[in-house]
Amino acid sequence: MTMRQIRRLAINTGGGDCSGLNAVIRAVVLHACARGIEVLGVEDGLDGLLPNKPAVVRKLTPEEVRPLLAQGGTILGTSNRGDPFAYHGADGSVQDLSGALLVRARELGIELLITVGGDGSQAIGLKLQELGLPVIGVPKTIDNDLDATVETFGFGTAVQVATDALDRLRTTAESHDRIMLLEVMGRDAGWIALHTGMAGGADVILLPELAYEPAVVVRDLRRILGGGRRFALIVVAEGAQARSETDGGPRARGAKIHGGAAQRAADRIAALLPGVELRVTVLGHVQRGGTPTAYDRLLATRLGVEAVEAALRGESGVLVSSQPPDIRIVSLASAVARVRRVEPEAQIVGHARALGISFGDR
Ligand code: F6P
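A quick note: this is a predicted structure, and the numbers were derived from the prediction, not measured.

### Overview of the domain arrangement of the protein chain
Reports often express the size of an interface as the amount of accessible area lost when the parts come together.
Thinking step 1. Partitioning the protein chain into domains gives domain 1 (3-153 + 292-324) and domain 2 (158-288 + 343-354).
Thinking step 2. The C-alpha-based centres of domain 1 and domain 2 are spaced at 34 Å.
Thinking step 3. Across the contact, 10 residues belong to domain 1 and nine residues belong to domain 2.
Thinking step 4. Of the roughly 890 Å² buried between domain 1 and domain 2, counting both surfaces, carbon and sulfur atoms make up 46%.
Thinking step 5. Interface area lost by domain 1 to domain 2 is led by I142, D143 and D145, which between them contribute 54%.
Thinking step 6. If you look at where domain 1 meets domain 2, you find one salt bridge.
Thinking step 7. The partner of R288 in a salt bridge is D17, with the nearest N and O atoms 3.0 Å apart.
Thinking step 8. Counting every contact that joins domain 1 to domain 2 gives one residue pair in polar contact (both at pLDDT 80 or more).

### Considering the layout of surface pockets
Thinking step 1. Approximately 1200 Å³ is the volume attributed to the largest pocket.
Thinking step 2. As for the largest pocket, its lining consists of 48 residues, and the residues nearest its centre are G15, G16, N80, D119 and R187.
Thinking step 3. Within the residue set of the lining of the largest pocket, elements represented by two or more residues are β6 (112-117), α4 (119-130) and β8 (178-184).
Thinking step 4. Looking at the lining of the largest pocket, the element that brings in the most residues is α4, giving eight residues.
Thinking step 5. Along the lines of polarity and charge, the residues of the lining of the largest pocket split into 14 nonpolar, 19 polar and 15 charged.
Thinking step 6. Structurally, the lining of the largest pocket is a two-domain feature, drawing no fewer than three residues from each of domain 1 (3-153 + 292-324) and domain 2 (158-288 + 343-354).

### Thoughts on the site of the ligand
Thinking step 1. Neighbouring residues of the ligand: N80, I142, D143, M185, G186, R187, E238, H285 and R288.
Thinking step 2. Between the ligand and N80 there is a distance of 3.0 Å, counted from an oxygen atom to a side-chain nitrogen or oxygen.
Thinking step 3. Between an oxygen atom of the ligand and a side-chain N or O atom of E238, the distance comes to 2.5 Å.
Thinking step 4. Alone, the ligand offers 400 Å² of accessible surface; in the complex the protein occludes 72% of this.
Thinking step 5. Structurally, the ligand is housed in the largest pocket.
Thinking step 6. For the shell around the ligand, the residue count by class is two nonpolar, three polar and four charged.

The rules behind the values
Residues numbered from 1 in each chain as written. Predicted model: local features only at pLDDT ≥ 70, side-chain atom pairs only at ≥ 80, totals over all residues. Heavy atoms only, no water. Domains from an automatic or database assignment. Contact = heavy atoms within 4.5 Å. Buried area = accessible area lost by both parts, 1.4 Å probe. Salt bridge = Lys/Arg side-chain N within 4 Å of Asp/Glu carboxyl O. Polar contact = N/O pair within 3.5 Å; in protein donor to acceptor, adjacent residues only side chain to side chain. 1 Å grid on protein atoms, 1.4 Å probe; cavity = no way out; pocket = protein on both sides within 12 Å on 5 of 7 lines; lining within 4 Å. Points joined across faces, edges and corners; volume = space filled by probe spheres on them. Helix = DSSP H or I, 4+ residues; strand = E, 2+ residues; numbered from the N terminus. Nonpolar A, V, L, I, M, F, W, Y, C, P; charged D, E, K, R; others polar. Near = heavy atom within 4 Å. Areas by Shrake-Rupley, 256 points an atom, 1.4 Å probe, with all protein chains shown as cover. Sits in = over half its atoms within 2 Å of the grid points.

This is how it looks when you write it as structure tokens:
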């Protein structure tokens, strides 16, 4: 029996944005349309499929998406508060709108949804799949902490932006004999901080996974400054905590964090290292914006093409996953099973220590 090819699919982007989302949209539309499949774009996460929202569902054409390869953000808009199973209204109410979403998807003739997002969006996708709407996931997070894929687009771009910032901080730190702290994103996982710190030659890297002891950081700074250097660079993940702040382990995934990790670290260091000037830079959402690196465009493009390939093979309930040199298919469930954090004994941490980088932990 030959399988009937799908005629209409939809694509949405969910969760925090990152560079490369438009490259995925572009690849999906170009490949699907070339194979005779119509592509609808769902605006603002999944809002476009929900009742009484300004967001809509609209047809995407090759002409519209062709110029998008290098464009940051997402032309569809996104949301990290739009879970249809627990939709938070402006009045504080929480409603399950999933039934209405499924009805709307059916009305629009959507046979499959490609959902581009992190673990939160993929968990929503999995529930929709279980309720009868076929879903294919495309993994996305600048934090690079999804376990079901070796890498995610947006991460490399964020590391590049943060490394450029660290390079700039180095010259001014050197001019003024200062200790510069750069706070980067990474609430639960410290991959951006670790890669930035190593690529930018930081002296100290503070990660959510390795609680630090201020006295140890100061001991290591004294060693660095005692050796003739008059400045130092510290990269701090936004989720980094001193030992006094943790209950023995990393915080629960997605738990609220209070901003200011780098400022708190600076205050603690200043208290133990009088006479030294410290300055804090918080990079924030700069890491999520702008042009994706060539590698992130390529990765996003290949994930988009493979998502359509999977749709053409009749698959659903799956996630396209980067497993160099190929893009492979894994179950959607595996995308949400586990967060990939920096393992304290990982080889890359050992490499950083071999260079004399301090994590302030021992
Ligand atoms: O999960 C991606 C991420 O960029 C985190 O690194 C960061 O903590 C969070 O999103 C910021 O989210 P928002 O855009 O809601 O401030």
